[in-house]
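Read off the chains here:
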Amino acid sequence: LGGSISRAIQQMSNATVIDEKVLNECLNEITRALLQADVQFKLVRDMQANIKKIVNLDDLAAGHNKRKIIQQAIFNELCKMLDPGKPSFTLKKGKPSVVMFVGLQGSGKTTTCTKYAYYHQKKGWKPALVCADTFRAGAFDQLKQNATKAKIPFYGSYMESDPVKIAVEGVERFKKENCDLIIVDTSGRHKQEAALFEEMRQVSEATNPDLVIFVMDSSIGQAAFDQAQAFKQSVSVGAVIVTKMDGHAKGGGALSAVAATKSPVIFIGTGEHMDEFEVFDVKPFVSRLLGMGDWSGFMDKIHEVVPMDQQPELLQKLSEGNFTLRIMYDQFQNILKMGPISQVFSMLPGFSAELMPKGREKESQAKIKRYMTMMDSMTDEELDSSNPKLMNESRMMRIARGSGRHVKEVNEMLEEYKRLAKVWSKMKGLKIPKKGQMSAL
Ligand code: GDP
Ligand code: MG
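Starting from 1, residues in each chain are numbered consecutively following that chain's sequence as written. Here chains are named by letter from A upward and ligands by number from 1 upward, in the order in which they appear as written. At least 70 in pLDDT is required for a residue's local features to be given in this predicted model, at least 80 for side-chain atom pairs to be given and counted, and no such filter applies to totals for whole chains, interfaces and linings, which use all residues.

Draft legend 1. Quick look at the overall build of the protein chain. Helix and strand counts for the protein chain stand at 20 helices and eight strands. Burial status across the protein chain gives 39% buried among its 441 residues. The long-range fraction of contacts in the protein chain, counting pairs at least 24 apart against all pairs at least 6 apart in sequence, stands at 75%. Runs of E in the DSSP output that reach at least two residues are strands. Runs of H or I that reach at least four are helices, and both are numbered from the N terminus. Neighbour density around each residue's C-beta defines its exposure: 20 or more other C-beta atoms within 10 Å make it buried, 12 or fewer make it exposed, and counts between make it partly exposed, where C-beta atoms are placed from the backbone. By definition, residue pairs are in contact when their C-beta atoms, positioned from the backbone, come within 7 Å.

Draft legend 2. Structural view of the nonpolar core. Core analysis: the biggest nonpolar cluster contains 81 residues, and Leu129, Val130, Ile182, Ile183, Val184, Phe214 and Val240 have the highest contact counts within it. The contacts of Val130, once residues within four sequence positions are left out, are Tyr155, Gly156, Ile166, Ala167, Gly170, Val171, Ile182, Ile183, Val184 and Asp185. Of all hydrophobic cores here, the second largest spans 14 residues; its members include Ile368, Met374, Met413 and Tyr417. Structurally, a nonpolar core is described as a collection of buried Ala, Val, Leu, Ile, Met, Phe, Trp, Tyr and Cys residues joined by way of C-beta atoms within 7 Å.

Draft legend 3. The site of ligand 1, seen in detail. Around ligand 1, 17 residues are found, and the nearest of them are Gly108, Lys109, Thr110, Thr111 and Gly269. Among the elements that line the shell around ligand 1, the one with the most residues is helix 6 (residues 109–122), at three residues. Polarity classes work like this: nonpolar for Ala, Val, Leu, Ile, Met, Phe, Trp, Tyr, Cys and Pro, charged for Asp, Glu, Lys and Arg, and polar for all others, with Gly in that last group. Tallied by class, residues from the shell around ligand 1 come to no nonpolar, 13 polar and four charged. Nearness here is judged by the C-beta atom: place it from the backbone, and if it falls within 6 Å of a molecule or strand, the residue counts as near that partner.

Draft legend 4. Molecular detail of the UniProt feature "domain: SRP54-type proteins GTP-binding" (unreviewed entry) in the protein chain. UniProt positions are given in the numbering used here, feature names are shortened, and annotations may be inferred rather than shown by experiment. Following the UniProt record, one finds the feature "domain: SRP54-type proteins GTP-binding" (unreviewed entry) at residues 264–277. Secondary structure over residues 264–277 splits into 0% helix and 43% strand, and the C-alpha atoms at its two ends are 16 Å apart.

Draft legend 5. Main features of the environment of Asp217. Secondary-structure assignment places Asp217 in strand 5 (residues 211–217). Among the residues examined, Asp217 registers 24 C-beta atoms within 10 Å and is labelled buried. Taking the C-alpha atoms as reference points, Asp217 and Thr243, 26 residues apart in sequence, are found 4.9 Å from one another.

Draft legend 6. Looking closely at helix 9 (residues 193–207). By definition here, a helix of n residues has an expected span of 1.5 Å times n minus one. With 15 residues, helix 9 extends 21 Å from end C-alpha to end C-alpha; this agrees with the ideal 21 Å at 1.5 Å per step. Those residues of helix 9 that fall on the buried side of the exposure criterion are Leu196, Glu199, Met200, Val203, Ser204 and Thr207. One side of helix 9 holds all its buried residues, which, seen down the axis, span an arc of 130 degrees. Those residues of helix 9 that are exposed and angled more than 90 degrees off the buried face are Ala194, Ala195, Glu198 and Glu205. Lining the buried residues of helix 9 we find strand 1 (97–102), strand 2 (127–132), helix 8 (163–176), strand 4 (181–186), strand 5 and helix 10 (224–234). Read the arc as the range of directions from the helix axis to the C-beta atoms.

Draft legend 7. Region of interest: the pairing of strand 6 (residues 237–243). Within strand 6, seven of the seven residues are buried, which leaves the element mostly enclosed by the surrounding structure. Where strand 5 and strand 6 come together, six bridges link them in parallel fashion. Opposite Val212, over in strand 6, you have Val237 as the bridge partner. The rule for pairing is simple: two strands pair if DSSP sees at least two bridges between them. By the bridge criterion, three bridges tie strand 6 to strand 7 (residues 265–269) in an arrangement that is parallel. Paired with Ile241 across the strands is Phe267, a residue of strand 7. A clockwise path from the first strand over the helix to the second, with the strands pointing away from the viewer, defines a right-handed crossover. For the segment spanning strand 6, helix 11 (residues 253–261) and strand 7, crossover handedness is right-handed.

Draft legend 8. Structural view of unusual backbone geometry. With a phi close to 45 degrees, Asn208 is a non-glycine residue in the positive phi region. On the basis of neighbour counts, which here come to 10 C-beta atoms within 10 Å, the residue Asn208 falls in the exposed class. Residue Lys262 is not a glycine yet carries a positive backbone phi of 50 degrees. Relative to the helices and strands, Lys262 is located in the loop between helix 11 and strand 7.

Draft legend 9. Just the environment of Met47, in detail. Mapped onto the elements, Met47 comes out in helix 3 (residues 41–54). Its 22 C-beta neighbours within 10 Å are what place Met47 among the buried residues. Considering only alpha carbons, one finds Met47 and Lys80, 33 residues apart in sequence, at a separation of 9.8 Å. For Met47, the residues in contact, after removing those within four places along its chain, are Glu77, Leu78 and Met81.

Draft legend 10. Seen up close, the packing of helix 10 against helix 11. Note on geometry: axes are lines fitted to C-alpha atoms, helical ones only across the stretch in contact, with angles between N-to-C directions running from 0 to 180 degrees. Where helix 10 contacts helix 11, the axes come no closer than 8 Å and their chain directions differ by 30 degrees. Taken together, helix 10 and helix 11 sit at an angle that is classed as roughly parallel. Here helix 10 runs over helix 11; the crossing is right-handed. Together, Ala224, Phe225, Ala228, Gln229 and Lys232 of helix 10 and Gly253, Ser256, Ala257, Ala259, Ala260 and Thr261 of helix 11 make up the contact between the two elements. Split into classes, the residues belonging to the contact of helix 10 with helix 11 amount to six nonpolar, four polar and one charged. Each angle is binned into one of four classes, with values under 35 degrees roughly parallel, values over 145 roughly antiparallel, values of 65 to 115 roughly perpendicular, and all other values oblique. Two helices crossing with the near one rotated counterclockwise from the far one by less than a right angle form a left-handed crossing, whereas a clockwise rotation gives a right-handed crossing.

Draft legend 11. Geometry of the sheet that holds strand 3 (residues 154–155). Overall, mixed pairing links the eight strands, which are arranged 3-2-4-1-5-6-7-8 in an open sheet. The open sheet is flanked by strand 3 and strand 8 (277–279), the only strands paired with a single partner. Inspection of the sheet shows strand 7 paired to strand 8 by three bridges, in the antiparallel sense. Among the inter-strand pairings, Phe267 is bridged to a residue of strand 8, identified as Val279. Along the sheet face, helix 7 (residues 139–149) touches strand 2, strand 3 and strand 4 and points at about 170 degrees away from the line of strand 2. On the sheet, helix 9 packs against strand 1, strand 2, strand 4 and strand 5 and is oriented at approximately 175 degrees with respect to strand 1.

Draft legend 12. Fine view of the environment of Glu169. With respect to the helices and strands, the residue Glu169 is situated in helix 8. Counting along the chain gives 13 residues from Glu169 to Gly156, while the straight-line C-alpha distance between them is 9.0 Å.

Draft legend 13. Structural detail: the pairing of strand 1. Of all six residues in strand 1, six are buried; the element is thus mostly enclosed. Residue alternation in strand 1 divides its side chains into two sets, Ser97, Val99 and Phe101 and Val98, Met100 and Val102, and both sets are buried. One ladder, built from four bridges, connects strand 1 with strand 4; its direction is parallel. Counterpart to Val99 in the pairing with strand 4 is Ile183. Of the pairings in the sheet, the one linking strand 1 to strand 5 comprises four bridges and is parallel in character.

Spelled out as structure tokens, the structure:
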């Protein structure tokens with residue numbers, strides 16, 4: 001996919017005159033690529049029409065960078081399609097909220113419920129899990145196992161077969177226990193679809209959730225729209241979570257889910273483990289969809305952010321897949337020098353809204369400085385190692401003492417490092433364009 005889009009844009013940039021024919025050819029190529037990424041046909045068609053309206057051919061003829069203009073228009077259009085125009089319902093910490101998860105069997109509901117609970121627990125919420133899936137054998141055991149691992153209270157039954165009854169009992173119990181995030185996991189059986197949707201309607205009616213989250217497997221393909229719509233018609237879906245984004249799927253179905261439910265994507269699942277869960281960030285997602293990674297924008301940014309003499313070395317290291325703590329340190333330093341940095345952050349892969357939430361740049365900057373202070377207490381060996389096992393407890397204690405910070409903070413910094421290293425490891429084997437070739441994508 002990435003190849004074909006790059007090729008399309010490349011072909012265009014090689015053409016001397018950009019006329020309507022070239023623009024059409026380019027759009028057709030991109031259409032094919034987006035369809036391959038499971039974006040619904042109708043959505044692709046809409047996008048195509050919009051791009052034609054936005055991209056003014058006269059502007060292109062006069063403009064300096066045609067490739068950039070079209071690329072940006074496509075990018076923006078896709079970003080807009082992922083924005084339903086209203087944020088998902090925001091829950092309040094300390095006030096009991098009920099969140100119901102729906103989605104087909106295998107989509108990742110039970111796993112995602114726990115991730116969602118764990119994520120909020122780390123942020124000071126008091127979550128609890130209720131297993132209202134009485135259909136799948138072993139459903140309760142699975143939830144119980146996950147919940148126990150994350151130390152999250154849970155409720156379910158081996159005997160009771162009425163999901164509505166269990167859901168209501170669980171929600172009531174946890175309301176009494178002052179939990180502020182009561183999560184109801186549901187069944188997603190495939191076979192009797194009508195019965196499934198009726199069951200969802202009943203569970204929703206009985207527990208009156210503040211938010212219903214539709215969980216979607218990123219690899220379901222063109223089925224995404226109908227599936228999301230079917231759930232939306234039986235319960236009031238207010239948000240979407242896309243799972244298995246660590247696989248091959250580009251997740252074009254997410255556009256369909258947003259269109260069908262008129263709700264935003266709030267998180268993505270990136271693995272089977274509890275912490276493989278990320279706040280959804282539109283731009284990197286669209287980049288992935290287009291198969292450009294963030295590379296085109298990222299490469300441009302690297303040229304702006306990283307001092308010229310350090311660029312080849314950095315790119316070389318990244319292509320070898322060695323993202324060390326020292327690289328992270330250098331990146332932080334460059335970023336702090338930049339001034340208004342949220343923009344740069346949004347381009348760098350992995351430096352998502354998590355590390356640099358919009359409107360909270362000051363806090364984030366302070367956090368980065370704190371991280372750097374701790375890294376100043378690290379040895380060369382530690383900074384240059386790419387062995388994750390090196391950082392044992394005694395080393396962490398020493399760093400904490402040396403920098404006057406808490407071990408918990410050192411751990412937090414190392415977690416951030418691991419997260420970034422994982423993202424950057426995808427650059428391994430990246431073909432590094434030489435300078436000058438860069439502008440041709
Ligand atoms: P449910 O039937 O909707 O409750 O789905 P489960 O939570 O049982 O998940 C089905 C399978 O998908 C399990 O094997 C999970 O480990 C796996 N899974 C869930 N989310 C992810 C993800 O983000 N990445 C990967 N690789 N696997 C996932
Ligand atoms: Mg389940």
